[in-house]
Structure formats: structure tokens, C-alpha cells
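# Survey of secondary and tertiary structure
The primary structure of each chain is shown beneath.
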Amino acid sequence: MSPHFDQDEDEILGKAYDGRLVRRLLPYVKPYWHRLLIAVLFLLGTSVLDLAPPFLTKIAIDRYITPGKPSGLMLILVLFMAALAVSFVLRYFMNYFMQYVGQNVMYDMRNQIFSHLQRLPLRFFDKNPVGRLMTRMTSDVDALNDFITQGLVSIMGDVVTLGGIVIVMFFLNWQLALVALAVMPVIAFVSRIFQQAMRTIYRNIRVRLSRVNGFLNENITGMVIVQLFNRENTMFRQFDALNSDYLSANLRAIFAYSVFSPIVMFLGAVSTALLIWVGGHGIISKWGPAFTFGALVAAMQYTDRAFQPIRDLAEKYTILQSAMAASERIFGLLDEDQEPPDPEKPIILDKVDGDIAFENVTFGYDPEHPVLRDVSFHIKPGESVAIVGATGAGKTSLISILSRFYDIQQGRILLDGVDIRQMRRQDVRRHIGAVLQDAVLFSGTITSNVRLHNDEITDQRVRDAAVFVNADKFIERLPDGYDHAVRERGGNFSSGQRQLIAFARAIAFDPEVLLVLDEATSSVDTETEALIQEALERLMENRTSIIIAHRLFTIRHVDRILVLHKGHLVEEGTHNELLNRQGYYHRLYQLQYQEQEAVAGPA
Amino acid sequence: MQHLRHVVPYLRRHLWAIGIGFLAIAVATAFSVVQPEILRLAIDNLRTHPSLNKLTVYVGLFLAAAVGQSIFAFVQRSTVNRVSRYLEYDLRNDAFTHLQSLDQGFFGEMHTGDLMARLTNDLNQVRQFVGMGMISLISTFIMLISVAVLMVIINWKLALVAFVVLPFCTVTMFVIGRTLQRRFRLVQDQFGQLSNHAQENFSGIRVVKAFVQEDREIGAFSKVNREYVQRNLSYQRLSGIMWPLMFTVVGVALALVLFVGGGEVARNEISLGEFVQFNAYLGMLTWPMISLGWVINMYQQGAASMGRIMEVMSREASIRDTGRTLPISRLQGKIEFRNVAVRYGDTPVLHNVSFTVEPGHTVAIVGMTGVGKTTLMSLVPRVLEVDDGEVLIDGVDVRRIPLATLRRAVGYVPQDTFLFSATLGENVSFGVQEFTEDEMMQAIETSRLVKDLEQFQFGLETVVGERGVSLSGGQKQRTSLARAVMRDPTILILDDAMSSVDTHTQNEILARLKKVMEERTTLITSMRISTVKDADSIIVLEDGTIKERGTHQELLMHNGLYARMYRRELLQQELEVEDDQEALV
């Protein structure tokens, strides 16, 4: 068996410079252009100052050391130290400003991605796993930071350094400059070959590493199957094959480096040798006044300094490449269509009575396959209605479209006679509160989970809400009460407790219409079950409420029951009416609820 | 820190490479320290007795030394630099093998994400420490010592000047190291906060939207985001000193040597050649001095990471063969449970469970969700162990049967189907080493997977999984079933294995299985009574123990839980029939 992996979208590396992407990146840097400008100026400053030491060395040798006049060396020392001090300050602040810009651009980028995601329709989240979104927020944004702090600007610095060295060397002694430059094209050529080889090698390394990790991940998840089917040895052989593929790619990289860096080292020695030979020749044969020991030493030092940026080019290239790929993915995410905008002149209802009407509503997540077909009903203010039906009958969809998580394809949904599409989404959701199936809690405290970020909800209101839904009893038993820490996803609370907290949250927000997905969970103990039932009853009082009911208790306490079957509304009436009709509800009741009756006894 | 000793055995395998490598380092160092010496000769020659011929000889010697250095640098890099990659490879393979020996108890308590982090990030840290830390530390050390000695020999006063200045970098790194690490940890903590916030928001986006919290979430996120930037900048403010400082310290050393050494040359106390040579040595020391500071950091991180890896590697498998294991290679398939009890922590799951299944018989286990059916089934292939009592096969306690023999005898179809991202055919033949085309056809025919194949363009070559074709629930279960049948098992275990298969196909599969399993033992659970009603014997579990047992007819007569479940199911079928009729209209 051979594992099959396609190239992950994260692995595709394209160009190192893409004008289209860079033009889109520029606006992010713009707000910080003055700091960036300072950083660039400082960088230019350090590049120029870095030219000073060899030059000072030259003057020291030619003017003071060889003629035997050590007194002038003090001035050289002072100048040298001054140059170092200024360069230290410039370098430090250049780095800081660069980081400042990079960090702030990342801040803006992350904020923008986060905000954009808040406005994306739920459809998007149905398709995109959280892990992928997290990669955009973290590693892709980091790649862009590398681009700013190490990519563009430092390449600019390298160019300036190289240019400066060439100019100064020509100024000192053009013959020696030519000799030094003779080696440069060879180094550039070798680096280019190396960089091309590394490009393939790095891609292999990345692809193979992701295969190793993919295989590892799959095997950890499916370990029990591997063990049950005695596949340990075979799986190990496959893993070993992937692992050694990865190893060999790495060894190839090491080999490339072990050829490349001695060659560069050797070329450096060649240029030193050439300089000594030509320079020495010049000094012996007295070719001119420019042939001095100082010029020779300075030329050697300058050549040495010119090597570093050329050697770094390959690394810079990789940084640019991954930054381009990362920005491509980030912009791909930012280009995702947001929810259609709210109407320009929305109808804003200050307070609603809670009159809800569905008029010939048809809806499907995929418009080709509607899950609700031509559904019409009317719910009067204050009325409580239960929706029942077998799994897949369209109950959950009904809640989703009422909250405008999804828009319907045909028909109208009216709140107090106003089409909810004429209202702003936030207003719809403010009037129509929902308690969702999986009671989602966030890490924080109980209070923060009830209030969310709404500061208008006072501590007192949090408590009142908790009391109202019977959550106060278990909360007060906790060591820190309302400040008790809630772990990620509410992992430290039972599902019944989570549900009660979710009820409290809904009540604290005090919507005029309440939607409840009441999923009876088998893991709720009887005591909590009783609390939930009581809470549900109170939730429904004096409030238009629609409940997807799974509890017998609930369907007995609502004013009316709507029966959905395969996307159609098939029956409606009170519990007793529907039972007497001996229709679909009757059988559904026997199937879903009678068992509860046997357990709970007549309510 | 003692965790790092676990690295030693991995290094021992590459003693030759390490030996040759260090030898090469020594030779390369010798070749490199000789170059400034030649430089000195050349320059002094130019000053005192200018001779073109001698100049050419020195230049030739210089190049020869450079060639020597380059060759041995190549040898060094292509031997010792590879060791850390081999270490990574070996360690990863060992970890994989070790994971394979661990039981479900381990995988239950350690999350996949955590395990992956240890085998990726931590492994990487250890490799970097061994590669860049240990090996470059030693080569640095060789260079440092030889150059320092030479510098002292040339001129101890100048050497003193250099040695007073150069360690400034290492010392600074050492001094701010602690603060730097603390600030870095603050950055990482905040990064954790930031990603948690985003992750929770994305996972709970329905609630965020339902309560119109988008804007406030953005506000809260940007606060966390801002704090992250602040902490990063606070880290940068300190760590940003290091790089410029390095430049400055090296520069100061050069300036002082120029001042002090230049004066000595001017006063003819040393030659110009010696001065240039000294400067060259100074240049050679720069990088080693700087890297010393970083190695200290790497050492701590490497040790911490190795510790995290060892936490996994030192975990002993609790389900494994022991000295008491008997040399059994074939099983007949008689299963016996004797007073079996299983607990999860303090919660009893099963207690007092006893029953026997004769070879060739089919026994069904029924009961409500969560009653312990899966737990019971997992005891047979020792995925789980009993806490009390025993499970015997052919009269032998499963704990004394070699694990390989035991599991080879079992064909298991789990409740949650897990397929590998390979082809359909490879998934079906997952549990067999060799097979014929006929056996493969038989397995996909028995499991009725054959009907699905028509849909797939590439038939058995179709790739399953994340990026391949995604299969329906039913197709997955049929593949999983074929995989078990393919093993021609002595004991077939079907744990609610047909929940996603429609009733009609299920009946076809059951009929075919019956033929295949004539001589074999079958344990089957299902939420549907219709799946199990033809079993030789049916066991009804309630509250973790056997409440009823008998054939379908006997249990109906008994009119207990089983009979109630069956009536409910009939009702449901009635509804489904009606659905079908409606669909026709």
C-alpha cells in the first residue's frame, strides 16, 4: 500500500516577486511609512558607516603606521569608535522600527482577517475547517512579517552595501577594485546555481515532511485499526520509507551546502590571493601612488565584507517566495464574499410584539435540494410553538433561516409584518434570540459566558438570568461561583450545566422571540433534567417561542405543535388534537416520546 | 537537563562520521590558521626584501592552504553535519514503533495534537541542539583554542586587548539571557491566547452571530492582538541589542588592535605582517564568539524538548506479551466470558458478565446506547483489558495468547469506520499480506461493496480520504466490512457495523456472511433488532450486565426489554414504509 497525498495548497511555491501581490501589500505598510522611511534611512546610514573601518585602517597604515608616526593613531581610534557608536545606535533603531512596522502590519492583517471572518456567511465555515483558518491567521501572517523585516528592506541594504564597497574601492585603487570584482561574478554564478538547486531541494523537504507528518497523524488516529489488523510492521515499513525519503532530501541539502560553502570560502581566498599578488606587484614595481599597504589591507577587508550579502541571497529568495505564497492565501481568504449587505434603508423596529409568519418558504443549503418546501404558518405574539419531526425533516434549518444565518430561496419570513430581509441582521438577531443545539461555551468565567461582551448586561442581570433558569443552584455551589473559570469549550461542565448556562445567556439578552433547540441528551442526570424542564417552561412564558422539541414535557406545555415531515408542514394542533387525529404525529409520538413516558411517568 | 543523555545512544551509531568529521575540523582549522601566517610572510617580504618570485610562491602557498581548508571543510560538512539528520530519522522511527506498541489507554489520555507537537516541534528542537549546538560548539571550540594560542604567541599584549573585548557578546547574551527568555515566554503565552481566542471564535461562530457579538468579538480580539504586538516589541527592544552589539564589539576589538598594534608597528616592535596576521585571526574569532551565546539557549530548549519526547518513549505498553504468554499459533474460536467486570475509573461499565460462544455460532449483543456493548467486544482482541474475571478463547485466557495470534484470528468491524488515505483496494486488503484476486472479489462481493465500485471511475484504484473521493457512510462501512472479511477470520466482530447500510443491502450482506461464517464465530451488536434476530443466541445488556438471553423467539416470549425494543422498531419501520410510499407519490 502506498500512501497517496496530493500537493497541499500550502506547499505550492511560486515566484519570489509578484507585482500584483506586492501592490496589494503596500497599503498595509502605508500607515507606517514614516517609520519605515526612518528605518530605511538608518539602514543606509549603517551601510555607509560600515564602509568607514577599512578606510580608516588604510589611512592609519599609510599615514601613521608605515611612516612610523604613532601619534596620529589616536585620531583614527576616536573616529573609528565614533563610527561604531553611531552605527550601533542606527542599527538598533533600524531594527526596532522595522520590527515596529512588521508587528503593526501583522496586527492590522490579523485584525482584518478576524473581522472579515466575522462577516462571512455560515456556509463558509461549513466548508473550511478551523485549522485552515488558524494557519492563515498565524503562520501565513508570520511569513509576511519576515518579508517586511528581513526581505525587502534588507535586500535594499545589501544592494547599498555592495554598491558602496565598489565605489570606495574604485576610489582607493581602481586596479585592485577590478581584481576584487573579478571574483564576484563567479560567486554570483555559483550562488545562482546553488539557489536553483536549493529551490527544488527545499520544496522536496517541505513536501516530504508534510507526508511524514500526515502519515504519522493518520496512524496515531487509526492506531487501534493498525493494531487489530496486525499491520504494525507494514505500517512501520511505510513510515520508514517516508522518513528516509525526508532524510535523503535533507542530506541532499546538507550536501549542497557542503559543496557550496567551501567553494565560496575558496573563492574568498582566491580574491585575497589575487589582491596580494597584484597589490604586491604594484608595490614592488611602484605602479603608482595608489599602491600602498593600506590600500591592499583595505581592499582585502572590503572584499571580505562584500561576500556576506551575496551568500545570503539564496536565503532571502526563500523568504520572498514563502511570503508571496502566504499573501496569495491570505488575500484568497479576504476575497471570500461576505454576507450580502444589509438593506440601505433598513426598517428598524424598536420593540417587536413577536408576531411571526412564514409565507410559502422554500429553502435548501444547496438550492437544488430544498430541505424546507413551501412552508407557511403563523405564530401570534406570546404564543409558544413546538416543532417536531423525524431527523432530517428540516427543523434545524427552520431556526437557521429565522436567525438569518442563511437566506431563503422563495417566500417570505415576516416579523411583526416586516420581511426580515428588510431588516439589519443584527436587529433580527437582537429580537430573535436562539439557544443552539450544542451549548457552546467560551473560555472565561460563567459571568463572561452569560454576558458575552455585552457590557450593558450587569452582574445583577447575569445573576437574575441564572436564577430565572435555575442555573444559580449549581453555580453557587462552585468554589468561585459566578467567577468560576470555564475551560475551552466548557469542558469542565456537564452537558446539562452547559445547557443551563446557555439558557441564562439567552435570557440575559432578553429577546422578544426565543428559539430553542432542545436536544435531549442522554447524559443529563435526573436532577438537572428537572431543572432544565422547569427552566424551559419559564423561558416560554409571555414570549413568542419556537422550540425544536425532543422532550415530551415540552411538547405537552406548548400552545401548538407544528409537525414537519420531509420539508413539508404536514400537521398542526395541540398535543391532544394531534394524537386524536391518529396521523403522522401519533406514530411519531409513539416512536420518540412514549419511551420517555415510560421512564418519567405521566406529567 | 539529564534528558539529553538519551541522545547519546543515537550518536553512538555514527561514531565513524563524528570521528572523521572532527578530524576534518581539526585539519581544516590547521589549514585556516596557516593562511594568516602566509599572509604575514608575504607582507613582511614586500616591506623588507621585495621579490616578485617570493611573492608568487607565497600566493601559491596561500592558495594551496585554501584548497586544503576547503576540501576538509567539505569532508567535515558531509560527515558530521549529517549526524543530526540521522538522529532525527532514527528518533522518529523509534517513536513511531513505540507508539505502535502502546494501547488505547495511552491514546485516550494523550491528544493527537499534543503527540504530533512532540514528534515535530520537539524533535526539531533536539535536532537543532545536536546539530547546531553540540557539533558546532565543538568545532567552535577547536577554532577558538588554536587561534587564541596563536594570538598569544604573536603578541600577548594585543591578544589581551582582543580577549578583554570579544567575550563581551557572550557575557551580554548570558546576562540578558534570562530576561530575554522570560520576555519570549510572555510572547509565546500571548500567542497561545491569541490563537485560542481565534480558534474559539471560529468554532463558536454560530453563537457569536446569534448574539450579534461580531463587533465586540473584534474589539476583544484586537485587544489580545495589541497585547501580543506590545510583548513582541518589548522582546525586540531587548533582543534587538544583540545583533548591533556584535558588530560593535567586533569593531571595537578591531579599532583597539589598530590603535595598540599600529603603534607597535610604528615603533617597530612588531612587523606590519604580524599586525595584518593578527587582524585576520581576530576576524576568524568573531563568529565563534557570537555563537557561544546562542548555544546556551539551544541547550535549554533542546533539553526541555528531549524531556517531552522521553515522556512518550518511556511509557510502557500495558497490553503486551509477557513471560506467561503461551506459544499458541492457531485458534478454533470458542469464546468464553467468566464474571467479567470493566471499570472506567470508578465507574463500573460491565460487571458479572458470563457467557460462552461455541465455534461457528453467532451471538448478538443488544442494549441501549452506552450500555457497554463496544466495551464488551473490545475485550476479545484485547483492545481493552478486563478489571475482573477473564475472557478465554479455546479455554485459554486471552492475556496468555500471543497478541499477534489473537488479533490475526479476529476480523473487527468497528462502530466508527476508520479508513486510510489509500486506494479502496488497499484498504480492503489492509489486514492481509498476500491475497489472490479471487479472495479480493469474494470480500467485496460479501460486503456488497461491489455495487459501489460501478460509481467510481477508478474502481478499486479509487483513492479514499481527505483529498480523494469521499465515501458515503454506507460505503465506508462496507469497505470496513470487506477489510475484515478479507482476513478470513476465525472470529468476526461486528460492532454496530451496518448502521449506515440500508435494510435491503444489510439483509444481502447478512445472507452472504452466513455462508462465509459457517465455520466461524461471530459476535454482533446492532441498534436494529432485525440485524441480529437470526443469531444463535442473543444477549441483552442493561446497566452493565446481562439481563436477558435466549433466541429471538424466546426473548419475545419473555416480553422484557428486548421485546419492547423490537416493537418500537416495527413501529419505526411502519413509518419508513409510509415515507417510501409518499416518496413515490
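Reading guide: rules and limits
Residues numbered from 1 in each chain as written. Chains lettered and ligands numbered in written order. Predicted model: local features only at pLDDT ≥ 70, side-chain atom pairs only at ≥ 80, totals over all residues. Heavy atoms only, no water. Helix = DSSP H or I, 4+ residues; strand = E, 2+ residues; numbered from the N terminus. Rg over C-alpha atoms; globule rule 2.2 N^0.38 Å. Buried < 20%, exposed > 50% of the residue type's maximum accessible area, 1.4 Å probe, protein only. Contact = heavy atoms within 4.5 Å. Areas by Shrake-Rupley, 256 points an atom, 1.4 Å probe, with all protein chains shown as cover. Lys, Arg positive; Asp, Glu negative; His and termini not counted. Charge placed at Lys NZ, Arg CZ, Asp CG, Glu CD. Pairing = 2+ DSSP bridges. Axes fitted to C-alpha atoms, helices over the stretch in contact; angles between N-to-C directions. Buried area = accessible area lost by both parts, 1.4 Å probe. Salt bridge = Lys/Arg side-chain N within 4 Å of Asp/Glu carboxyl O. Polar contact = N/O pair within 3.5 Å; in protein donor to acceptor, adjacent residues only side chain to side chain. Nonpolar A, V, L, I, M, F, W, Y, C, P; charged D, E, K, R; others polar. Domains from an automatic or database assignment. Phe/Tyr/Trp six-rings, centres within 6.5 Å; stacked < 30°, edge-to-face > 60°. Lys NZ or Arg CZ within 6 Å of the ring centre and 35° of its normal. pLDDT = per-residue confidence, 0-100. Parallel < 35°, antiparallel > 145°, perpendicular 65-115°, else oblique. Left-handed = near helix turned anticlockwise from the far one by under 90°.

A separate point is the overall build of chain A. A tally of regular secondary structure across chain A gives 21 helices and twelve strands. Whereas a compact globule of 603 residues would reach a radius of gyration of roughly 25 Å, chain A reaches 36 Å, over 25% beyond that. Along the three orthogonal principal directions, the C-alpha set of chain A runs to about 120 × 60 × 50 Å. For chain A, buried positions account for 56% of its 603 residues. Considering only intrachain contacts with a sequence separation of at least 6, the fraction spanning at least 24 residues in chain A is 76%. Surface accessibility of chain A: about 25,500 Å² in total, with carbon and sulfur atoms responsible for 57%. Here chain A carries 59 positive and 66 negative side-chain charges, and the mean point of each set is 10 Å from the other.

This brings us to the environment of B:E542. All names here are of chain B. Counting through the fold element by element, E542 comes out in strand β9 (residues 537-542). Take E542: its relative accessible area is 30%, and that puts it in the partly exposed class. Apart from residues lying up to four places away in sequence, E542 is in contact with V371, K547 and L561.

Let us now look at the sheet that holds strand β6 (residues 410-413) of chain B. All names here are of chain B. On the basis of which strands lie adjacent, the open sheet formed by six strands has the order β6-β7-β8-β3-β9-β10 and mixed pairing. Two strands bound the open sheet, and with one partner strand each, they are β6 and β10 (545-550). The mean angle between the axes of side-by-side strands here comes to 15°, regardless of whether they run parallel or antiparallel. With five bridges joining them, strand β7 (residues 491-495) and strand β8 (residues 521-525) adopt parallel strand pairing. Bridged to I491 within β8 is T521. With respect to the sheet, helix α17 (residues 473-485) is in contact with β6 and β7, its orientation differing from that of β6 by roughly 175°.

All right, on to the environment of B:I218 then. Residues and elements named next belong to chain B. Within the fold, I218 resides in helix α9 (residues 214-239). For I218, a relative accessible area of 15% corresponds to the buried category. Distance from I218 to A198, taken between C-alpha atoms, is 9.9 Å for residues 20 residues apart in sequence.

The subject of this paragraph is the interface of chain B and chain A. At the interface, 134 residues of chain B touch 134 residues of chain A. Buried area between chain B and chain A, summed over both chains or domains, comes out near 12,800 Å², and the portion from carbon and sulfur atoms is 69%. Here chain B is connected to chain A by three salt bridges. For the salt bridge of B:D215 with A:R119, the shortest nitrogen-to-oxygen distance reads 2.5 Å. Linking chain B with chain A are 35 residue pairs in polar contact (both at pLDDT 80 or more). Examining the composition of the side of chain B that touches chain A, we find that 27 residues originate from one element, helix α3 (residues 52-101) of chain B, more than from any other. In the side of chain B that touches chain A, the residues fall into 70 nonpolar, 36 polar and 28 charged.

All right, on to the side chain of A:T303 then. Counting through the fold element by element, A:T303 comes out in helix α10 (residues 293-334). Once residues lying within four places of it in the same chain are set aside, the contact partners of A:T303 are A:M169, A:A180, A:M184, A:S271 and A:L275.

Taken domain by domain, chain B holds domain 1 (156-269), domain 2 (326-409 + 491-504 + 518-585) and domain 3 (419-488). Distance from the C-alpha centre of domain 1 of chain B to the C-alpha centre of domain 3 of chain B: 55 Å.

What follows deals with the packing of aromatic side chains. Counted according to the given criterion, the structure contains 32 aromatic pairs over all chains. The interplanar angle of 10° and the centroid separation of 4.0 Å between the aromatic rings of A:F239 and B:F96 together place this pair among those described as stacked. Here B:F96 lies in helix α3 and A:F239 lies in helix α9 (residues 232-284), a pairing that spans two chains. By the burial criterion, A:F239 is buried, and B:F96 matches it. Ring geometry for A:Y365 against A:Y406: centres 5.0 Å apart, planes inclined by 90°, an arrangement best described as edge-to-face. Here the residue A:Y365 occupies a position in the loop between β1 (356-363) and β2 (372-379), and A:Y406 occupies one in the loop between α11 (395-402) and β4 (410-415), the gap between them amounting to 41 residues. The class of A:Y365 is partly exposed, set by a relative accessible area of 32%. If you follow A:R91 out to its NZ or CZ, it ends over the ring of B:F247, 3.8 Å from the centre. Across from the ring centre of B:F211, 5.8 Å away, lies the NZ or CZ of A:R505, which sits over that ring.

Here we take up the domain arrangement of chain A. One widely used convention gives an interface's size as the accessible area the parts lose upon coming together. When the domains of chain A are assigned, the result is domain 1 (13-173 + 323-339), domain 2 (174-289) and domain 3 (356-598). Distance from the C-alpha centre of domain 2 of chain A to the C-alpha centre of domain 3 of chain A: 61 Å.

This part covers the sheet that holds strand β1 (residues 335-344) of chain B. Residues and elements named next belong to chain B. With antiparallel pairing, four strands are arranged side by side in an open sheet as β2-β1-β4-β5. The two strands at the open ends of the sheet, each matched to only one other strand, are β2 (347-357) and β5 (396-397). Relative to β2, β1 runs antiparallel, the two being bridged by seven bridges. Looking at the pairing, V342 lines up with L350 of β2.

Let us now look at the confidence of the model for chain A. All names here are of chain A. For chain A, the average pLDDT comes to 85, and 93% of its residues sit at 70 or higher. Mean pLDDT across the elements of chain A ranges from a minimum in helix α21 (residues 594-600), with 52, to a maximum in helix α4 (residues 73-118), with 94. Low pLDDT (under 50) marks residues 1-11, which in the prediction has 34 contacts with non-local residues, meaning those over four places away or in another chain. Low pLDDT, under 50, characterises residues 598-603; the stretch is placed with four contacts to residues that sit more than four places away or in other chains.

Packing of helix α3 (residues 52-65) of chain A against helix α10 (residues 242-266) of chain B brings their axes to within 10 Å, and their N-to-C directions diverge by 25°. Viewed along their axes, α3(A) and α10(B) adopt a mutual orientation that is roughly parallel. Two packed elements cross with a definite hand, and for α3(A) against α10(B) that hand is right-handed. Facing α3(A), whose interface residues are A:T57, A:A60, A:Y64 and A:I65, α10(B) presents B:L258, B:G262, B:V265 and B:A266. Residues that form the contact of α3(A) with α10(B) fall into these classes: six nonpolar, two polar and no charged.

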